[in-house]
Amino acid sequence: MKKRVLFIDRDGTLIVEPPVDYQVDSLEKLEMYPKVIRNMYQIAQELDYELVMVTNQDGLGTDSFPEDTFWPAHNKMLKILEQEGIVFDEILIDRTFEEENAPTRKPRTGLMTKYIDNSAYDLDNSFVLGDRLSDMQLAKNLGCQGILLHSEPAAHDLPIVLTTTDWDKIAVFLTEANRVAQGRIATVQRATKETDIVINLNLDGSGKKAMDTGIGFFDHMLDQLAHHGKLDLSVKVKGDLHIDEHHTIEDTAIALGEAFKIALGNKKGIERYGFFNLVMDECLAQVALDFSGRNWLVWQPVFKRERVGGMPTEMFEHFFRSLSDHAQCNIHVRCEGNNEHHMIEAIFKAFARAVKAAKQVTGVEIPSTKGVI
C-alpha cells in the first residue's frame, strides 16, 4: 500500500503563534494549540499516515532570530509530544526570509522533493494542515488536500476540504479519510484439484455483483448477499460439477470467508455485531453475526426437501459453517416457514443485512475490551 502523509505546520497549528512578533523564541511563549495533543495522539497511534512537520522560521540563525532562542522552545515542544506518543517521521525547517523567494520556503516544495513523483507515496490522499493560505497553496503545489485551521473560510481556488479551529473535528475528518483511502477490499484465488476460484470483495461497495459458480440458484443467493449487504462482489468458480455440487459450494464458502477476513483487516472501528429479522411471505428468518475472530455456527432451520434450485439443501448449513470457519465469525441462523425456496432466500438476505450492519465503521477503536479480535 502506498504511504500517505500529513504535512503539518508548526506555529498556529501545533502551537499557538504569538500575535505580535510571530516567533516562539522563549519557553514562556510556548503554548500548545487547544486539543492538539489528544487528537494528534489518536492520529499518530490509530491512523496510517506519516507525520511530517513543515515550518518556515524567518531568518533562523540570524540576529533577528538567534538559534539559541529557537531550539529550547522547539525541543521542549517535541519532548511534550514525544512523551504523549507523538513522534514525527521528518521535521523540515526553512530558515529564509519571505523576500528571498527560496525554493525551500513554503508554499514552494523544495524541502519535500522526496515525496513528489514518488510511487511509494499517495499524495492524492495526503493532507497539509496549516493556519495560512500559504499552507493551502503548498497543498496545491504538492497535489494534496488542505485542512485550514481558521475561523472563517476565505475565497480561494485552493484544495481546502475542511476549515476549522477545532482539532476534534480534524481527527474525525482524518479518521474517515483514512478509512476511505485504505479501502476494505480483498482478492482471493484458491485452486485445488477440485475447484479453481477467484473472488473479489469490496466491503464498502454499492452492491455490484458478478457471479459465475456454475450453479444458478447458488449465484442467485450470492447476488442477494452482494445486493442487500452493499458489497461489491464477484465470484468466478470452475468446479467439478460433473461429480456433484459439494466441492464448488464448500470451496466458495472457504474463499469467501478468507476474503471477509482480509477485507476486515484489524477491524478498527467496526460495529462488529449485526442481527436482522427478515420476513419473506410466510417465512421469518433471523440471523445474528459477530465478527469476533472466533468461528461458530448455530444452525436451526430444518428442510424437508432434498434439493432446492438444483442445490442439495444439506449444503446450505455446510456453506455457512465453512464461511464461519474461514471468516472467523459467529453466525446464528433460525428460520421458520413452509416454502423452502423462500426460507433459503430469506436466510441469505438476513445474513446480508447482518453483514451490512456489522461491517459499518462508526469509531476508531478495536471493538473489544481485549484490544484485539
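Higher on the page you've got the structure.
Residues numbered from 1 in each chain as written. Predicted model: local features only at pLDDT ≥ 70, side-chain atom pairs only at ≥ 80, totals over all residues. Heavy atoms only, no water.

Chemist: How should I be thinking about helix α7 (residues 314–327) in this particular structure?
Modeler: In an α-helix there are 3.6 residues to a turn, and that puts residues three or four apart on one side. The end-to-end C-alpha separation of α7 is 21 Å, in line with the 20 Å expected for 14 residues at 1.5 Å each. Residues of α7 that are buried: Met-315, Phe-316, Phe-319, Phe-320, Ser-322, Leu-323, Ser-324 and Ala-327. Its buried side turned inward, α7 meets α5 (216–229), α6 (246–264), β13 (296–299), β15 (311–312), β16 (330–336) and α8 (340–358). Just past α7, the residue Gln-328 takes up positive phi, approximately 55°. (Helix = DSSP H or I, 4+ residues; strand = E, 2+ residues; numbered from the N terminus. Expected span 1.5 Å × (residues − 1). Buried < 20%, exposed > 50% of the residue type's maximum accessible area, 1.4 Å probe, protein only. Contact = heavy atoms within 4.5 Å.)

Chemist: I would appreciate a short explanation of α8 in the present structure.
Modeler: Across its 19 residues, α8 extends 27 Å between first and last C-alpha, which sits within 8% of the 27 Å expected from 1.5 Å per residue. Burial analysis of α8 places 15 of its 19 residues in the buried class, which makes it a mostly covered element. For α8, the N-terminal capping position is held by Asn-339, with its side-chain oxygen 3.0 Å away from the main-chain nitrogen of His-341. (Polar contact = N/O pair within 3.5 Å; in protein donor to acceptor, adjacent residues only side chain to side chain.)

Chemist: Just checking my understanding: could you explain the side chain of Asn-178 for this structure?
Modeler: The residue Asn-178 is located in helix α4 (residues 167–182) in this model. Judged by relative accessible area, Asn-178 falls into the buried class, the value being 4%. From its side chain, Asn-178 meets the backbone nitrogen of Asp-48 in a polar contact 3.2 Å long. Here Asn-178 is in contact with Arg-4, Leu-47, Asp-48 and Tyr-49, once residues within four sequence places are set aside.

Chemist: Explanation requested: the sheet that holds strand β5 (residues 145–149) in the structure shown.
Modeler: Taken in spatial order, the six strands of this open sheet run β3-β2-β1-β4-β5-β6, and their pairing is parallel. In this open sheet, the two edge strands, each paired with only one partner strand, are β3 (90–94) and β6 (160–164). On average, each strand axis in the sheet is inclined to that of its neighbour by 15°, with strand direction left out of account. Looking at chain direction, strand β1 (residues 5–8) and strand β4 (residues 127–130) are connected through three bridges and run parallel. Paired with Leu-6 across the bridge in β4 is Phe-127. On top of the sheet, helix α2 (residues 67–83) reaches β2 (50–56) and β3; it is set at about 155° to β3, its chief contact. (Pairing = 2+ DSSP bridges. Axes fitted to C-alpha atoms, helices over the stretch in contact; angles between N-to-C directions.)

Chemist: How do you make sense of the sheet that holds strand β11 (residues 273–280) when you look at a structure like this?
Modeler: What links the strands of a sheet is backbone hydrogen bonding, and the strands pair in either a parallel or an antiparallel sense. Spatially, four strands are ordered β11-β12-β16-β13 in an open sheet, and the strand pairing comes out mixed. The two strands at the open ends of the sheet, each matched to only one other strand, are β11 and β13. Adjacent strand axes in the sheet meet at a mean angle of 10°, parallel and antiparallel pairs treated alike. Direction of pairing for β13 relative to β16: parallel, over a ladder of four bridges. Across the sheet, Trp-296 pairs through a bridge with Asn-330, a residue of β16. The strands touched by α7 within the sheet are β13 and β16, with β13 carrying the most contacts at an inclination of about 160°. Sitting on the sheet, α8 is in contact with β11, β12 (283–290), β13 and β16, with an inclination near 150° to β11.

Chemist: I would appreciate a short explanation of the environment of Val-361 in the present structure.
Modeler: Structurally, Val-361 is set in the segment after α8. Residue Val-361 is classed as partly exposed on the basis of its relative accessible area of 26%. Note: C-alpha distance between Val-361 and Arg-179 (182 residues apart in sequence) is 8.3 Å. In contact with Val-361, other than residues within four places in its own chain, are Arg-179, Arg-184, Lys-268, Gly-269 and Ile-270.

Chemist: Could you clarify how one ought to interpret the side chain of Arg-4 in this entry?
Modeler: Structurally, Arg-4 is set in the segment before β1. One buried charged side chain, Arg-4, makes no salt bridge at all; its nearest oppositely charged neighbour is Asp-122, positioned 4.5 Å away. A polar atom in the side chain of Arg-4 sits 2.9 Å from the side chain of Asn-178. In contact with Arg-4, other than residues within four places in its own chain, are Asp-48, Tyr-49, Glu-50, Asp-122, Asn-125, Ser-126, Asn-178, Ala-181 and Gln-182. (Lys, Arg positive; Asp, Glu negative; His and termini not counted. Salt bridge = Lys/Arg side-chain N within 4 Å of Asp/Glu carboxyl O.)

Chemist: Just to check I follow, could you spell out the nonpolar core for this structure?
Modeler: A general trend in soluble globular proteins is that nonpolar side chains are found buried together. One finds Phe-260, Phe-319, Phe-320 and Ile-331 to be the most contacted residues of the largest nonpolar core, which totals 60 residues. Top contributing element to this core by residue count: α8, with eleven residues. If near-sequence neighbours (up to four positions away) are discounted, Phe-320 is found in contact with Leu-297, Trp-299, Ile-331, Ile-347, Phe-348 and Phe-351. In terms of nonpolar packing, the next biggest core, distinct from the first, is built from 30 residues, Val-36, Leu-51, Phe-88 and Leu-162 among them. (Core = buried A, V, L, I, M, F, W, Y, C linked by side-chain atoms within 4.5 Å.)

Chemist: Quick question: what am I supposed to make of the pattern of salt bridges here?
Modeler: Oppositely charged side chains can form a pair if their charged atoms are brought close together. Summed over the entire model, instances satisfying the criterion amount to 21 salt bridges. Lys-140 is paired through a salt bridge with Asp-157; the nearest N and O atoms lie 3.5 Å apart. A residue pair is termed long-range when its members are at least 10 positions apart, and Lys-140 in helix α3 (residues 133–142) and Asp-157 in the loop between β5 and β6 qualify at 17 residues. Here Asp-290 and Arg-272 are joined by a salt bridge, their closest N and O atoms 2.7 Å apart. With Asp-290 in strand β12 and Arg-272 in the loop between α6 and β11, this residue pair connects regions lying 18 residues apart in the sequence. By relative accessible area, Asp-290 is classed as buried at 8%. One network of salt bridges, with partners in common, ties together Lys-35, Arg-38, Asp-166 and Asp-168.

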